[in-house]
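Okay, here's what each chain looks like letter by letter:
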Amino acid sequence: MFIFKIVLLLGHILGLLASPAFGAVISGRTASAASCGAHPESASKAPSGAVVVDSTKSTSGSFSNLSAALASLPNDSTCQTVFLMPGTYVEQASVNRPGQTVVIGYTTDSPGKGYSGNKVTISFSRGLSVAPLPAGHSDAETAVISTASSNVAFYNVNFINTENLDGATPNYVTLAASIYGSHIGFYGCNFTGWQDTLLTGATTGYLYYESCYIDGAIDFIWGYSAAYFKGCTIAAKKASSCITAHSRKDASGVGIYVFDQCLVTAAAGYESATKSGVYLGRPYSEYAKVVFKDSYLDSVVQPAGWKQWGDSDPRLDHVTFAEFNNTGPGNWENNAAARKGFGKATLLTSDDYPLSDTMDSTTWIDSTYSDSISTPSKILASRSANPAKRAEADSTAPAEGDYIISQSPIEGKTVYATFAEAVAAIQGLSEESVTVFVYPGTYKEQIVLSRAGTTIFRGYSDAPTDNAQNQVTLQNSAGVDTGADQSNTDCATLYSQAGNLQLYNINLANTFGQKQNWASLGFASGNGAYASLYNCQVLANQDTFFVGEGTSVFAYNTLVEGSKDFVWGAGSAYFLASTLAPNTDGGAVAAMMRDSGSAAGGVVFDQCTVAAAGSVGSGSVFLGRPYNEYSRAAYIKTNLDGSIAPEGWTEWTSSDPQTDGVLFGEYGNTGSGASTDSRAEFSTQLSESDAQQFKLASFFSGGTSWINMEYVKTAPF
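Caption draft 1: Looking closely at the sheet that holds strand 37 (residues 500–504). Judged by pairing direction, the sheet is parallel, and its eleven strands sit side by side in the order 29-30-33-37-41-44-47-50-53-55-56 without closing on themselves. Each end of this open sheet is capped by a strand with a single partner; those strands are strand 29 (403–405) and strand 56 (683–685). Averaged over all adjacent pairs, the angle separating strand axes in this sheet is 10°, with direction ignored.

Dropping the structure here:
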């Protein structure tokens, strides 16, 4: 027995030595030394010899976070690779070792080719007030990822600082990355923050960013290094602010920013807020040096292009701000007068800043895809969500007991191929609360839901807080002649008469198109019931979103697009932090009605955005018109773009205005369409006390217990 135990013990030890936690990784490192640092062959499996990070711990010998994996690496000159399995890792991590270090995140794309397939996110929530900067502190301490050594490469990792992502706290830095050292490259990575997102800290450092996504609001690419950005998407979030803030000590400094074949645009959801208001850069020191070449500058770019540091401290005497061969509405040629008016920028006649002249050498750069890069034309569809804001329910897998809709079979699961099949299956459950999980796809159906119990539809989403990345669409193409003897709701893609409907990350689309006096509804609610939409999109034209009499509807972070009266009805609707997108000249957003001037009902747009879609003309859209004389609508602290007509509101018709008893109110709105100088005489500029009637807590006659506030991350006004 004793001998048998020794044999078992020896066998166990030998097994451990052969496992990835012991000899397998060590011997693998030696065997793969020649390939360490080369372009990864795959980013869906760990290369031989790599240290593995796996939050699920299902990989033998793996570490639970990046920090632990980095700490395990030898403090020597060897090249080491860390591979991260899919997941969100909440931590601050730092690379600081003598040898070359390669960090690879799992992706469904070719490694380093882009960020849309990234499945690894490193996130942390940390900020620092810089008004003033506290003694003994620095911006860099807030960074999610930092480097303090040279010869580092990152592939396909998202770095997100989740603190203050809405910019509610001013003068508050939140870095996604603090990069010190030299010969550091990022390929297919994502940097998300608000102020000072990406710091290039070393005054003599050379950095390279390829096919990356970088967003922020204020000076969100800043520092001192020589950094070359190739094929990157630069996404702004705030008007009157700058993308870059560069600094050199003097004219001999190596520092420079070169943006080559990049897209300069607005971050998703910030298109209206940033239009023609974002500067390419301002000088952090008077020797700042920034070049944009062969890039697409869209309409977010302010016509002057560049900006001084401040009125009393311009720092412009020795700057190099240059542009060459850019395209798009924000380029020099389309704004020549304003660019020349700035006076300190240069339009180059040749490419004076190639990669070979910008870097000290290029041998350390992974050039696998550099010659085949095309300038991005849009923000890629797939981006990681803010993990700190994730809904409690798993947005990528059904919970136990959920009904499942999937266009493909799932082993061991009962699935329904269509919405109609699932609705038929749950219809007889009457008072029960039922959740239906929907896998990605476009489901071409028209659905009427009329069960009494709570019905929850959850759409699969890799980014549940970003409706632009929804992967489930319910779609039909149907219209109703509004002059015919037929209900407009007959054409709705989804008509809910359910007791309580909740939709998460689902798009409802009616593709019927625009036809004069033909309704094409995406969503309709009736039967005096409740409905709430979270992170959804409703896309149609005339009469897109119907709220029936006695019905209460709440929408959060939801996009509604339409042409004429596209939020309408006799019920009560409250939109919070949502987007209204008029797509046709001459239409009105809202057309509501009530039984009397004291009745409940109407619509509230709280902290929303009105941003025209397509080629809608300036001053051509109305906030609302009265479906009857007691119509009630209010816009509260909402950003109104230039599509809004100066008078704001309009009559029902010239022969039947229906304006005598309306309450069309505005309070604290912003944007180019928010001026009240020429507002219609039948509209009201609300006082603070007047606005209280539109607070969420008191607006619905039946209270708010049916709203899932766990998913609402914007506080109502």
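Now, onward.
Caption draft 2: Region of interest: the state of the cysteines. On inspection of all chains with the given rule, the structure shows one disulfide. Residue pairing for Cys36: its cysteine sulfur links by disulfide to Cys79, the two sulfurs lying 2.0 Å apart. Judged by the sign of its S-S torsion, about -75°, the cystine formed by Cys36 and Cys79 is left-handed. On the criterion of sequence distance, the pair formed by Cys36 in the loop between helix 2 (23–31) and strand 1 (51–53) and Cys79 in the loop between helix 3 (66–72) and strand 2 (80–84) is long-range, its members being 43 residues apart. The class for Cys36 is buried, based on a relative accessible area of 14%. With no disulfide partner, Cys608 has as its closest neighbouring cysteine sulfur the one in Cys536, 14 Å distant.

Caption draft 3: Geometry of helix 7 (residues 419–426). Among all positions in helix 7, only Phe419, Ala422, Val423 and Ile426 are buried. On an axial view of helix 7, the arc spanned by its buried residues comes to 100°, and they lie on one face. Looking at the buried side of helix 7, the elements it contacts are strand 29, strand 30 (434–438), strand 31 (441–444), strand 32 (447–449), strand 33 (454–459) and strand 34 (472–476).

Caption draft 4: Structural context of the pattern of salt bridges. Counted by the stated rule, this structure contains eleven salt bridges. Salt-bridge contacts for Lys119 lead to Asp462; the nearest nitrogen and oxygen are separated by 3.4 Å. Of this pair, Lys119 sits in the loop between strand 5 (101–105) and strand 6 (120–124) while Asp462 is found in the loop between strand 33 and strand 34, placing the two residues 343 residues apart along the sequence.

Rules used in this analysis
- Residues numbered from 1 in each chain as written.
- Predicted model: local features only at pLDDT ≥ 70, side-chain atom pairs only at ≥ 80, totals over all residues.
- Heavy atoms only, no water.
- Pairing = 2+ DSSP bridges.
- Helix = DSSP H or I, 4+ residues; strand = E, 2+ residues; numbered from the N terminus.
- Axes fitted to C-alpha atoms, helices over the stretch in contact; angles between N-to-C directions.
- Disulfide = S-S within 2.5 Å.
- Buried < 20%, exposed > 50% of the residue type's maximum accessible area, 1.4 Å probe, protein only.
- Arc of directions from axis to C-beta.
- Contact = heavy atoms within 4.5 Å.
- Salt bridge = Lys/Arg side-chain N within 4 Å of Asp/Glu carboxyl O.

It is worth stressing that arrangement in space is one thing and function is another; only the former is reported here.
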